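Survey of secondary and tertiary structure
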Amino acid sequence: MKNSAGKTYLLGTQHVLAMYAGAIIVPLIVGSALKLNFEQMGYIIAADLLTSGLATLLQAWRNPVCGIGLPVVLGCTFTAVFPMISIGSQYGMTAMYGSIICSGLFVVLIANYFSKLVTFFPPVVTGSVVTIIGITLVPVAINNVAGGVGSADFGSLSNFALAFGVLLFIILLNRFTTGFIRSISVLLGLIAGTLVAAIMGNVSFSSVAQASWFNMITPFYFGLPTFEPSAIITMIVVAIVSMIESTGVFMALGEICGKKITETDLTRGYRAEGIAVILGGIFNSFPYTTFSQNVGLVQLSHSKTTNVTIVAGFMLIVLGLIPKFAALAMIIPNSVLGGAMIAMFGIVVASGIKMLSKVDFASNENLLVIACSVALGLGVTVVPNLFVKFPPLLKMFFENGIVTGALTAVILNIILNMGERKAAS
């Protein structure tokens, strides 16, 4: 039993480390843009980690009301970054959090209706969407391989050596080990890479020394929420975008775990996400969504139970309450994370291709759905300023490659496949 508990703990740690950089980057960007002081910045990072943990537990706990019961890890959505900065700058922090709470309520209310759209997600659509999710994550990994955008040593040989050393280490563990060692190959790669980076002098412990030992999260830290109609509409659009993205993640995890995702499952998943967003507004953190980067980890580790993500959820809560421990994860260099991300995000692409293997490739209609959705999803990702002159709400929808690709796949499938079946009948 102790062995089993220890394995579960290590697998949970692996999930936390995989999503940690993505989780804290949003409060760092938003906090600096809104000119928060050191104390306020520390609070929103801690609140974000704690709420990520609560949100992850909500999804793992399958019950009649909410929770999809899949090994899902939730974190703050990147889609909300610039809308939050815009709302916070124009109306203040209280309006930003008021709009987040309203968007969460909206998700809870429409969850049952949104889940009925599952008929619009056959394998040709879900496979395309999951492939797009993986492809759009790859640039994040590659930027980290080079040291992270804006870093002074971006593109240095030492960064490449660390990144590909970690990747090679993970590959060798998967080739020559079995069982538990193989399942925590990413965690071992991160630890080994960080130790090598420390020997090279590329690891700083200053953030650990400066972090406090305890931080209590209090509701409405920045004041009672206020409600601005335009801000609320903006965050509702963000919520819809997140629901579309989460649908692809739910389908991918269902495929990996061998579970058929039903309308009821999606309803519970959306409701849990909506409740998590409401908690984000109350605790003055952020809107939450399923994290794509953890999907590849589920496949790599072969650990497909919610026990592992439950452990990850509790760990995130502890990290939110004890910043000193949270700071330990911040010492992992970007290049080390990048090496691990290549493997994880590549697995997401491979999972999408596997889902597409069920598709009839003799059909030109299916080929067009896949070709156009993947091309547009990738295109928007590599040319992020493509929609720079669009109105803000439309820009918010289409500047996300996952959403653009998903909408393309759904619409083309309706036009080319569903319409054809209807005509044939």
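Residues numbered from 1 in each chain as written. Predicted model: local features only at pLDDT ≥ 70, side-chain atom pairs only at ≥ 80, totals over all residues. Heavy atoms only, no water.

Cut-off, in case you're wondering: UniProt positions are given in the numbering used here, feature names are shortened, and annotations may be inferred rather than shown by experiment.
The name an unreviewed UniProt entry assigns to the protein is Xanthine permease, from the organism Pelosinus propionicus DSM 13327. What the UniProt record of the protein gives under Subcellular location (unreviewed entry) is the line "Cell membrane". Under the heading Sequence similarities (unreviewed entry), UniProt records this for the protein: "Belongs to the nucleobase:cation symporter-2 (NCS2) (TC 2.A.40) family."

1. Observations regarding the overall build of the protein
What counts here: Helix and strand labels come from DSSP, where a helix needs a run of H or I of at least four residues and a strand needs a run of E of at least two; each type is numbered from the N terminus. The atom set for the radius of gyration is the C-alpha atoms, and the globule formula is 2.2 Å times the number of residues raised to the power 0.38. What sets the accessible areas is the Shrake-Rupley method with a 1.4 Å probe; for residues, cover comes only from the shown protein chains.
Broken down by element type, the protein carries 18 helices and two strands. Taken over the C-alpha trace, the protein has a radius of gyration of 21 Å; the compact-globule value for 425 residues is 22 Å, and the two agree within 12%. The principal-axis extent of the C-alpha atoms belonging to the protein is close to 70 × 55 × 45 Å. Here the protein displays about 17700 Å² of accessible surface, and carbon together with sulfur accounts for 70% of that area.

2. Details of a nonpolar patch on the surface
Stated formally: Patch membership needs two things, relative accessible area over 30% and no salt bridge, and members are linked within 9 Å if like-charged or within 5 Å if nonpolar (Val, Leu, Ile, Met, Phe, Trp, Tyr). Salt bridges, as used here, are contacts in which a Lys or Arg side-chain nitrogen is within 4 Å of a carboxyl oxygen on Asp or Glu. Each residue is placed in one exposure class: buried if its accessible area under a 1.4 Å probe, protein chains only, is under 20% of its type's maximum, exposed if it is over 50%, and partly exposed if it falls in between.
On the surface, a nonpolar cluster with roughly 330 Å² of combined accessible area is contributed by L378, V382, V383 and L386. Mapped onto the elements, V383 comes out in the loop between α16 (364–382) and α17 (392–398). By relative accessible area, V383 is classed as partly exposed at 41%.

3. Concerning the pattern of salt bridges
As enumerated under the stated definition, the model contains four salt bridges in all. Linking R62 and D265 is a salt bridge whose minimum nitrogen-to-oxygen distance equals 2.7 Å. Placement of R62 in the loop between α2 (38–60) and β1 (74–76) and of D265 in helix α11 (residues 263–282) is noted, with a sequence separation of 203 residues between them. Accessibility expressed as a relative area gives 40% for R62, which makes it partly exposed.

4. As for the nonpolar core
Rule in force here: Residues grouped as a nonpolar core are buried Ala, Val, Leu, Ile, Met, Phe, Trp, Tyr and Cys residues, joined through side-chain atoms within 4.5 Å. Contact criterion: two residues are considered in contact whenever any of their non-hydrogen atoms come within 4.5 Å of each other.
Among the nonpolar cores identified, the biggest contains 117 residues, and V30, I44, M84, M96 and L190 are the most heavily contacted of them. In terms of residue count, the dominant contributor to this core is helix α10 (residues 229–257) (13 residues). Setting aside residues up to four positions removed in sequence, M96 forms contacts with L34, M84, I87 and G88.

5. A closer look at the environment of F114
Tracing the backbone shows F114 in helix α4 (residues 93–114). Distance from F114 to E263, taken between C-alpha atoms, is 8.9 Å for residues 149 residues apart in sequence. Those residues in contact with F114 that lie beyond four places of it in its chain are M243, I244, T247 and Y270.

6. As for the side chain of N144
By secondary structure assignment, the location of N144 is in helix α5 (residues 123–145). A relative accessible area of 12% means that N144 is categorised as buried. Setting aside residues up to four positions removed in sequence, N144 forms contacts with N334, S335, G338 and M341.

7. Topic: unusual backbone geometry
Phi at F220 is positive, roughly 55°, even though this residue is not glycine. Unlike most non-glycine residues, N284 shows phi in positive territory, near 60°. Residue position: N284 is located in the loop between α11 and β2 (288–290).

8. Some remarks on the environment of S206
Here S206 shows up in helix α9 (residues 206–210). For the pair S206 and I331, spaced 125 residues apart in sequence, the C-alpha to C-alpha distance is 8.9 Å.

9. Description of the environment of V308
Here V308 lies in helix α13 (residues 306–321). The buried category is assigned to V308, whose relative accessible area is 4%. On a C-alpha basis, the gap between V308 and C76 in space is 20 Å, while along the polypeptide they are 232 residues apart. With sequence-adjacent residues up to four places away left out, V308 is seen in contact with T8, L11, G12, H15 and S303.

10. As for the packing of helix α8 (residues 185–199) against helix α15 (residues 334–356)
Each pair of packed helices can be summarised by the angle the axes make with each other and by the distance between the axes. The criterion, for reference: Interaxial angle, 0 to 180 degrees, is taken between N-to-C directions of lines fitted to C-alpha atoms, where a helix line uses only the stretch in contact. Under this scheme an angle from 65 to 115 degrees is roughly perpendicular, one under 35 degrees roughly parallel, and one over 145 degrees roughly antiparallel; angles in between are oblique. Throughout, a crossing is termed right-handed when the near helix is turned clockwise from the far one, and left-handed when it is turned anticlockwise from it by less than a right angle. Three categories are distinguished: nonpolar for Ala, Val, Leu, Ile, Met, Phe, Trp, Tyr, Cys and Pro, charged for Asp, Glu, Lys and Arg, and polar for the others, with Gly belonging to the last.
Contact geometry of α8 with α15 gives a least axis separation of 9 Å together with a crossing angle of 160°. Between α8 and α15, the angle is such that the two are roughly antiparallel. By crossing handedness, the relation of α8 to α15 is classed as right-handed. On α15, the residues that touch V186, G189, L190, G193 and T194 of α8 are V336, L337, A340 and M344. The class makeup of the residues in the contact of α8 with α15 is six nonpolar, three polar and no charged.

11. As for the packing of α5 against α15
With their axes 8 Å apart at the nearest point, α5 and α15 run at an angle of 165° to one another. In terms of orientation, α5 and α15 fall into the roughly antiparallel class. Relative to α15, α5 is oriented so that their crossing is left-handed. A per-class count over the contact of α5 with α15 returns 19 nonpolar, twelve polar and no charged.

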